[in-house]
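Chains, contacts and geometry: an overview
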Amino acid sequence: MAKSAILKSSLAKKYWMALTGLFLCLFLAGHLAGNLQLIFSDALHFNQYALFMTTNPAVKILSYLTYISILFHAVDGIVLTVQNRKARPIGYAKTDGSSSSFSSRNMAVLGTIILVFIVTHMVNFWAVMHFDKNMPLQTVTIGMQGQEQEYYLTTDGGYLPKAQVDQNMIKIENRTEFFDAAANVKVKEGYKDLHKITVAFFKDPKTGLIATILYVIAMITLAFHLLHGFQSAFQSLGLNNPKYTPAIKKIGAAFAIIVPILFAIIPIYIHFFLK
């Protein structure tokens, strides 16, 4: 029984590796459902989804659990890889028909690439939404009697003329809250426009195409990681059964192909087709 900084038992580490991996698969499915609104819905619904995901207490707890799972899954994977290499420092001289797949042989490399992607992804979107003082609020332009006026959309379903903010009648506090400047009383709250910064990121004339290509490469990497990881998680938990294992493998393969493809379609659609 090997020791590590995380868990004493290598078998226990494999259990936790499997459990955190399956939990992250659930996260992927939920995150994909929300992100697909970039294609199948409008900016308001996507921003409402983003607001819900960052303010709902239950979702926030799940978010922290996700962050912990990502870190645990990554570190535990590195520890297991090091232990496996120490246990077998010299590779097999030859392989046969039962040799391991590309995915299983390169899980550590694939996982590292995915971890780098997650970090950069959070810097470009999550960090901007939470900490960037220049994060825009969603506006809409409405034409009335031959004139167009820009309004902030507010979380109560209303509109606030942008001109009132420009003329210092209304001031913005805490990045999203509208206050009456004279009375210093909160009157409305706006939506952070995550839709706008996401679209701008992938449609940027200089870096948008590169960002799209790198995103697609990351999703291909994720697909290979899932091809082995999904089925391997059930195996690590001892859930092998001649009756159910073939179905698990098919479901895992479908998940590993469909989910990354749908994720990859989003930046492709934004860069090439969204107007």
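Residues numbered from 1 in each chain as written. Predicted model: local features only at pLDDT ≥ 70, side-chain atom pairs only at ≥ 80, totals over all residues. Heavy atoms only, no water.

With that out of the way, let us pick up helix H8 (residues 194–203). Of all the positions in H8, only Leu194, His195, Ile197, Thr198, Val199 and Phe202 are classed as buried. Along its buried surface, H8 packs onto helix H2 (37–40), helix H3 (43–55), helix H6 (107–131), helix H9 (208–236) and helix H10 (245–272). (Buried < 20%, exposed > 50% of the residue type's maximum accessible area, 1.4 Å probe, protein only. Helix = DSSP H or I, 4+ residues; strand = E, 2+ residues; numbered from the N terminus. Contact = heavy atoms within 4.5 Å.)

A few words on the pattern of salt bridges. Here the structure, examined in full by the defined rule, presents 5 salt bridges. Among the salt bridges present, the one from Asp156 reaches Lys188, with a minimum N-O distance of 2.9 Å. Of the two residues, Asp156 sits in the loop between strand E2 (147–153) and strand E3 (159–161) while Lys188 sits in strand E6 (residues 185–189), which places them 32 residues apart along the sequence. Classification of Lys188 as partly exposed rests on a relative accessible area of 23%. For Lys186, the salt bridge identified is with Glu189, shortest N-O distance 3.0 Å. Judged by its relative accessible area of 26%, Glu189 falls in the partly exposed class. A cluster of three or more residues bridged by salt bridges with shared partners is formed by Glu177, Lys186 and Glu189. (Salt bridge = Lys/Arg side-chain N within 4 Å of Asp/Glu carboxyl O.)

A word on the packing of aromatic side chains. Under the defined criterion, the tally for this structure stands at 16 aromatic pairs. Note on Phe102 and Phe224: the rings are 5.4 Å apart at their centroids and 75 degrees apart in plane angle, and the pair reads as edge-to-face. Residue Phe102 is located in helix H5 (residues 102–105), and its partner Phe224 is located in helix H9; the two are separated by 122 residues in the primary sequence. According to the relative accessible area criterion, Phe224 is partly exposed, its value standing at 33%. Each member of the aromatic cluster is reached from another via a ring pair, and the members are Phe117, Phe125, Phe201, Phe202 and Tyr215. (Phe/Tyr/Trp six-rings, centres within 6.5 Å; stacked < 30°, edge-to-face > 60°.)

On to the UniProt feature "transmembrane region" (unreviewed entry) in the protein chain. According to UniProt, the feature "transmembrane region" (unreviewed entry) maps to residues 61–82, 108–129, 209–230 and 251–274 in the numbering used here. For residues 209–230, the helix share is 100%, the strand share is 0%, and the end-to-end C-alpha distance is 31 Å. Helix makes up 92% of residues 251–274 and strand 0%, whereas the separation of the span's terminal C-alpha atoms amounts to 32 Å. (UniProt positions renumbered as here; feature names shortened; annotations may be inferred.)

Further remarks concern the pairing of strand E4 (residues 170–173). Across 4 bridges, E4 lies against strand E5 (residues 177–180) in antiparallel orientation. Across the sheet, residue Ile172 finds its bridge partner in E5, namely Phe178. Adjacent in sequence and paired antiparallel, E4 and E5 are bridged by 3 residues, among which Asn174 carries a positive phi angle near 55 degrees. (Pairing = 2+ DSSP bridges.)

What follows deals with the side chain of Thr198. With respect to the secondary-structure elements, Thr198 resides in helix H8. Relative accessible area serves as the criterion here: at 7%, Thr198 is assigned to the buried category. At 2.8 Å, the side chain of Thr198 forms a polar contact with the backbone oxygen of Leu194. Contact partners of Thr198, with chain neighbours within four places excluded, come to Leu38, Phe46, Phe125 and Ile270. (Polar contact = N/O pair within 3.5 Å; in protein donor to acceptor, adjacent residues only side chain to side chain.)

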